[in-house]
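What follows is each chain in one-letter form.
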Amino acid sequence: MSYDIAVVGGGPAGLSAAVQGLTRGKSVVVISSDLRDNALYKARRVDNYLGFPQAEGAQLLTRFREHAEAMGAAWISGRVLNIMPAGGRFYLGVGSDMEEAGAVVLATGVVQAARLPGEAEHLGRGVSYCATCDGMLYRNRPVVVVGKSAHAPEEAAYLQGLGCRVTYAAARRPEELPPDIPFVKAGRLEIVGEDQVCALRADGEEVPCDGVFILRPTMALTDLLPGLETEEGRIVVDRSMATSIPGVFAAGDCTGLPHQVSKAVGEGQVAGHRASEYVDRQTV
Ligand SMILES: Cc1cc2nc3c(=O)[nH]c(=O)nc-3n(C[C@H](O)[C@H](O)[C@H](O)COP(=O)(O)OP(=O)(O)OC[C@H]3O[C@@H](n4cnc5c(N)ncnc54)[C@H](O)[C@@H]3O)c2cc1C
């Protein structure tokens, strides 16, 4: 589908940007990973968001989302794997689908950029970030799912349904994991192999496999949008929340401290406003 503005991340910053874009008559899609991975969802009690004393984080987040959807925001549940600018438009890869937009607001929250040892070297050579994109390649073959997102157990079940021989590795066994999927409790993980992946090393023990699916709620910013200027893991923005790439704006925790709801909502408002103006300028 094609939209005026695509927002990456359905937290306070992204939803505020969406509401602002919709207020200015733009079509807006919010693409976000599982809400259980959202920072605000994890906040048991928020006391410093104006007008909502003693709010439960999950409830506040639900109200924000309902507000954006009631105004007409489209919602896609999924992880944006990459963003490609081409011909004045942006193409966002979401699983095996592609969405198109005239401007982008990045509202990813804090992105954990640390990769596993061996991950970068084996990307596309056994390491994958997307079960729906690459699962068929591993039919009847052993794979390990490194579960770092709330949605990962479902993805593991999906791979098993395709015929992959799945092992699940994580710090603790998630309740949602189907009982017939073997589980490996692991803190320290490493991808092993020469040219191709041949195993995952979990706390020193090797689990032989042909593929490793690393399922995080976020993507490293440099993988998400190559060329995006960052500084110590945060996206560099100016006062209009513009990034180093024309047409791409950013808001919220991903732009740096303080990591607070009010700051995220305020920056989201500016980013949504400026993204709308950008779209207007492109269509004149
Ligand atoms: C335990 C806890 C307590 C807190 N208490 C308070 C408090 O009392 N007061 C306060 O003001 N703040 C508090 N915070 C901080 C507050 O929750 C954050 O500052 C706020 O949620 C930031 O909003 P955001 O929209 O920038 O990011 P987030 O809320 O983190 O939302 C970002 C969303 O984008 C998704 N995402 C990331 N990358 C992708 C991708 N590539 N594709 C699709 N989706 C993606 C993420 O999964 C996430 O759902 C607390 C946080 C925590 C964890």
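About the thresholds
- Residues numbered from 1 in each chain as written.
- Predicted model: local features only at pLDDT ≥ 70, side-chain atom pairs only at ≥ 80, totals over all residues.
- Heavy atoms only, no water.
- Buried < 20%, exposed > 50% of the residue type's maximum accessible area, 1.4 Å probe, protein only.
- Helix = DSSP H or I, 4+ residues; strand = E, 2+ residues; numbered from the N terminus.
- Contact = heavy atoms within 4.5 Å.
- Near = heavy atom within 4 Å.
- Polar contact = N/O pair within 3.5 Å; in protein donor to acceptor, adjacent residues only side chain to side chain.
- Areas by Shrake-Rupley, 256 points an atom, 1.4 Å probe, with all protein chains shown as cover.
- Nonpolar A, V, L, I, M, F, W, Y, C, P; charged D, E, K, R; others polar.
- Pairing = 2+ DSSP bridges.
- Phe/Tyr/Trp six-rings, centres within 6.5 Å; stacked < 30°, edge-to-face > 60°.
- Lys NZ or Arg CZ within 6 Å of the ring centre and 35° of its normal.
- Domains from an automatic or database assignment.
- Buried area = accessible area lost by both parts, 1.4 Å probe.
- Disulfide = S-S within 2.5 Å.

Colleague: Even after reading the chapter, I still don't get helix 5 (residues 152–162), so can you show me in this structure?
Modeller: Note that an α-helix has 3.6 residues per turn; residues three or four places apart therefore point the same way. Taken together, the buried positions of helix 5 are Ala152, Pro153, Glu155, Ala156, Leu159 and Leu162. Next to the buried residues of helix 5 lie helix 4 (131–134), strand 8 (142–147), strand 9 (165–170) and strand 14 (211–215). Immediately downstream of helix 5, the backbone of Gly163 shows phi near 110°, a positive value.

Colleague: Whenever I open this one, the site of the ligand confuses me. Can you help?
Modeller: As a structural note, the neighbourhood of the ligand is formed by 31 residues, with Ala13, Asn48, Val80, Asp253 and Val261 the closest of them. Contact distances for the ligand include 2.9 Å between an oxygen atom and a backbone N or O atom of Ala13. Asn38 has a polar side-chain atom sitting 2.9 Å from an oxygen atom of the ligand. Surface burial for the ligand is 85%, taken as the share of its 1,000 Å² of free accessible area covered by protein chains. With 3 residues, helix 2 (residues 39–42) is the largest single contributor of residues to the shell around the ligand. Here the residues of the shell around the ligand are counted per class, giving 13 nonpolar, 14 polar and 4 charged.

Colleague: I would appreciate a short explanation of the pairing of strand 12 (residues 199–202) in the present structure.
Modeller: On a regular strand, one side chain projects to one face of the sheet and the next to the other, so that they alternate. Two elements, strand 11 (residues 189–192) and strand 12, share 4 bridges in a ladder whose sense is antiparallel. Following the sheet pairing, Leu189 is matched in strand 12 by Ala202. Following strand 11, the chain reverses through 6 residues before pairing antiparallel with strand 12; Gly193 in that reversal takes a positive phi of roughly 155°. Looking at chain direction, strand 12 and strand 13 (residues 205–208) are connected through 4 bridges and run antiparallel.

Colleague: Would you explain the packing of aromatic side chains in this entry?
Modeller: For any pair of aromatic rings, geometry is given as the distance between the ring centres together with the angle between the planes. As enumerated under the stated definition, the model contains 5 aromatic pairs in all. Through a chain of ring-to-ring contacts, the aromatic side chains of Tyr49, Phe52 and Phe64 assemble into a single cluster. Lying over the aromatic face of Trp75, Arg65 brings its terminal NZ or CZ to 3.7 Å of the ring centre.

Colleague: Quick question: what am I supposed to make of the environment of Ser27 here?
Modeller: Of note, Ser27 is situated in the loop between helix 1 (12–23) and strand 2 (28–32). Residue class for Ser27 comes out partly exposed when judged on its relative accessible area of 31%. The spacing of Ser27 and Ser276 is 249 residues in sequence and 9.6 Å in space, taken between C-alpha atoms. The residues contacting Ser27, other than those within four sequence positions of it, are Tyr3, Asp4 and Ile5.

Colleague: What's the story with the domain arrangement of the protein chain in this structure? I'm lost.
Modeller: How big an interface is tends to be stated in terms of accessible area lost as the parts join. The domain architecture assigned to the protein chain consists of domain 1 (2–112 + 218–283) and domain 2 (127–215). Distance between the C-alpha centres of domain 1 and domain 2: 29 Å. Contact residues are listed per partner, giving 9 residues for domain 1 and 11 residues for domain 2. Carbon and sulfur atoms make up 51% of the surface buried where domain 1 meets domain 2, a total of about 680 Å² over both sides. In terms of surface lost to domain 2, no three residues of domain 1 exceed Arg36, Asp37 and Arg79, which account for 51% of the buried area on that side.

Colleague: Help me understand the state of the cysteines in this model?
Modeller: Chemically, a disulfide is nothing more than a covalent bond linking the sulfur atoms of two cysteines. What the rule picks out here adds up to 1 disulfide. Here Cys130 connects covalently by a disulfide to Cys133, the sulfurs 2.1 Å from one another. Across the S-S bond of Cys130 and Cys133 the torsion is about 75°, and the bridge reads as right-handed.

Colleague: Would you mind going over the pairing of strand 1 (residues 2–8) with me for this structure?
Modeller: Judged by how many residues are buried, strand 1 sits mostly within the fold: 5 of 7 residues are covered. In the sheet, strand 1 pairs with strand 6 (residues 97–106) via 6 bridges, with the strands oriented parallel. Note on strand 6: the bridge partner recorded for Val7 is Val105. Direction of pairing for strand 1 relative to strand 2: parallel, over a ladder of 4 bridges. Residue Ala6 lies in a different strand from strand 2, and its bridge partner there is Val29.

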